[in-house]
Amino acid sequence: MTMRRTAVAAATAALTLLAAWGGAHSATAATPAPAPAAKTAKAAKTVETAKTAKTAKTAKTAKTANAAGTCAVLAPGASAVAEKAVAAACEQIGVWYTWGGGHGPQPGPTYGQVDPSDPDSAHDPERLGFDCSGLVRYAYARAAGGDPLTGNAHHQFHSPRVQQRFTAAQATGPLLPGDLLAWGSGGPIHHIAIYLGAGKMVEARESGTRITVSDVRLDGDYAGAVRIAPPAAAPGTFSTWGTDVWTHREPSATSPRVHKFPGPTTVRIECQKHAEPVTAEGYTNDAWSYLPEYGAWITNIYIKGAAWLDGVRTCP
């Protein structure tokens, strides 16, 4: 009996130990063991790195977009025509600057020319685009209809379409979107751009670059700005014709030359008078017209219209 009890007790103890081991094993299988601390830290670091990279990429993209600038009307108060001119110019962002571009028979991009003074213009004859005044011409032709701002930057700054002028000392304070900023205070105007507001402008700057938004540059030879009037506000407006036509200080072909019109240009005539007879292009005429924006005279031979212009008063 004693041996039997001992055997039974031993068997019972063995079964109890086996059951305990089995229960522990089942619990371990049902509940996954926690990941090692190193593995968890590595996963967290990977997620954090991805988030940081994404944030950096977003910041870089935003910075790039901010550097490129937004081309749009950036301030209130401009006329409808001026706002349309801004929109038309902004559509050309990314188009090549090309010297002489935009001065074809109709407003729009054209292939350029080589500027002998600028090695960067070597490829301009292969590039379809605008120079500074070509872009201004195109923008206002789209906005106002017709072709109100022909000629180069100097001619546009002195255009009869100018409604109001602002000096360099006034900076950008009184300017509105669509106003034209100009450079060349020490002589002829050599560059022109369109103001957007908020100290920004859209410009075709120089060979080797594309039309872009820039900060307004008030240093150097900044000459001031002009505001363009709607077409109806420019009485006495005529167009020249011909190429490389010179104006003169006095109504005489022998007086000093003042400005040259490379091609047809819109001008305002204040008055006309009979003076020195001129023979050119198969015509002879003694009538001369005074151009107040240029402080110069031009023979009526090169003004579209009658030999003696209708509706223009006689100069005293």
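Scroll up a little and you will see the structure.
Read on for an overview of the structure. Since this is a predicted model, take the numbers as computed values, not measurements. The residue numbering used here restarts from 1 in each chain and proceeds along that chain's sequence as written. For a predicted model such as this one, the threshold for reporting local features is a pLDDT of at least 70, and the threshold for listing and counting side-chain atom pairs is 80 or more; totals across whole chains, interfaces and linings nevertheless cover every residue. Only hydrogens and water are set aside when side-chain values are computed; all heavy atoms of the structure are taken into account.

## A look at helix H3 (residues 80-90)
Right, so step 1: Each residue's exposure class comes from its accessible area (1.4 Å probe, protein chains only) as a fraction of the maximum for that residue type: buried when under 20%, exposed when over 50%, partly exposed otherwise. Working definition: helices are DSSP H or I runs of at least four residues, strands are E runs of at least two. Numbering for both runs from the N terminus. The set of residues buried in H3 consists of Ala82, Ala85, Val86, Ala88, Ala89 and Cys90.
Right, so step 2: Only heavy atoms enter the contact rule, under which two residues are in contact if any of them lie within 4.5 Å. Looking at the buried side of H3, the elements it contacts are helix H4 (132-144), strand E6 (191-197) and strand E7 (200-203).

## As for the pattern of salt bridges
Two side chains with opposite charge may pair up if their charged atoms get near one another.
Right, so step 1: Salt-bridge detection follows one rule: a side-chain nitrogen of Lys or Arg within 4 Å of a carboxyl oxygen of Asp or Glu. According to the stated counting rule, one finds 9 salt bridges in the structure shown.
Right, so step 2: The shortest N-O distance in the salt bridge between Asp215 and Lys200 comes to 2.5 Å. Within this pair, whereas Asp215 is found in strand E8 (residues 212-215), its partner Lys200 is found in strand E7, the two being separated by 15 residues in sequence.
Right, so step 3: Asp215 gets classed as partly exposed once you look at its relative accessible area, which sits at 49%.
Right, so step 4: The class of Lys200 is partly exposed, set by a relative accessible area of 25%.
Right, so step 5: Salt-bridge contacts for Arg268 lead to Glu293; the nearest nitrogen and oxygen are separated by 3.0 Å. Note that Arg268 is positioned in strand E13 (residues 266-268) and Glu293 in the loop between strand E15 (283-291) and strand E16 (296-299), a separation of 25 residues in sequence.
Right, so step 6: Accessibility expressed as a relative area gives 24% for Arg268, which makes it partly exposed.

## Re the sheet that holds strand E3 (residues 128-130)
Right, so step 1: Strand order across the open sheet formed by 3 strands is E1-E3-E2, with mixed pairing between neighbours. At either end of the open sheet lies a strand with only one pairing partner, and these are strand E1 (96-97) and strand E2 (110-111).
Right, so step 2: Strand pairing is assigned whenever DSSP detects at least two bridges linking the two strands. Pairing of E1 with E3 involves 2 bridges; the strand directions are parallel. Paired with Tyr97 across the bridge in E3 is Phe130.

## A short note on the environment of Asp215
Right, so step 1: Each C-alpha atom, one on Asp215 and one on Gly199, is 6.0 Å from the other, the two residues being 16 residues apart in sequence.
Right, so step 2: Once you skip the residues sitting within four places of it in the chain, Asp215 turns out to touch Gly199, Lys200 and Met201.
Right, so step 3: Within 3.5 Å is the distance limit for a polar contact, defined as a pair of N or O atoms, with the added protein rule that one can donate a hydrogen and the other accept it, and that residues adjacent in sequence qualify only through two side-chain atoms. Only 2.5 Å separates the side chain of Asp215 from the side chain of Lys200, close enough to count as a polar contact.

## Some details on the state of the cysteines
Right, so step 1: Throughout, a disulfide means two cysteine sulfur atoms within 2.5 Å of one another. A full pass over the atoms with the stated rule returns 2 disulfides.
Right, so step 2: Ordering the disulfide-forming cysteines of the protein by sequence position, one finds them joined as 1-2, 3-4.

## Digging into the nonpolar core
In a soluble, globular protein the nonpolar side chains are often hidden away together inside.
Right, so step 1: Formed by 32 residues in total, the largest nonpolar core has its most connected members in Tyr140, Leu180, Ile194 and Ile228.
Right, so step 2: For this core, the elements supplying multiple residues, two or more each, are H3, H4, helix H5 (153-157), strand E5 (180-183), E6 and strand E9 (222-228).
Right, so step 3: The element contributing the most residues to this core is H4, with 7 residues.
Right, so step 4: Discounting residues that sit within four places of it in the chain, Ile194 has contacts with Val86, Ala89, Val136, Ala139, Gly178, Asp179, Leu180, Leu181, Met201 and Val202.
Right, so step 5: Note on terminology: a nonpolar core comprises buried Ala, Val, Leu, Ile, Met, Phe, Trp, Tyr and Cys residues joined through side-chain atoms within 4.5 Å. Listed in part, the 20 residues of the second largest apolar core include Ile269, Cys271, Ala280 and Cys315.

## Looking at the pairing of strand E14 (residues 271-280)
Right, so step 1: In the sheet, E14 pairs with E15 via 7 bridges, with the strands oriented antiparallel. In the strand pairing of E15, Ala280 is matched with Tyr283.
Right, so step 2: Here E14 folds back onto E15, and the loop between the two strands holds 2 residues, one of which, Glu281, carries a positive phi near 55°.

## Describing the sheet that holds E5
Right, so step 1: Here we have 6 strands laid out as an open sheet, ordered E4-E9-E5-E6-E7-E8, and antiparallel in their pairing. The strands lining the two open edges of the sheet, one partner per strand, are strand E4 (162-166) and E8. Geometrically, the sheet is characterised by an average inter-axis angle of 35° between neighbouring strands, direction not taken into account.
Right, so step 2: Note: E7 against E8, 4 bridges, orientation antiparallel. By the bridge assignment for E8, Glu203 is matched with Thr212.
Right, so step 3: The axes used here are C-alpha line fits, helices contributing only the stretch in contact, and every angle between their N-to-C directions lies in the interval 0 to 180 degrees. On the sheet, H3 packs against E6 and E7 and is oriented at approximately 110° with respect to E6.
Right, so step 4: Each of E5, E6, E7 and E9 touches H4; the most contacted strand, E6, lies at about 50° to it.

Bear in mind that shape data such as this cannot, by itself, settle questions of function.
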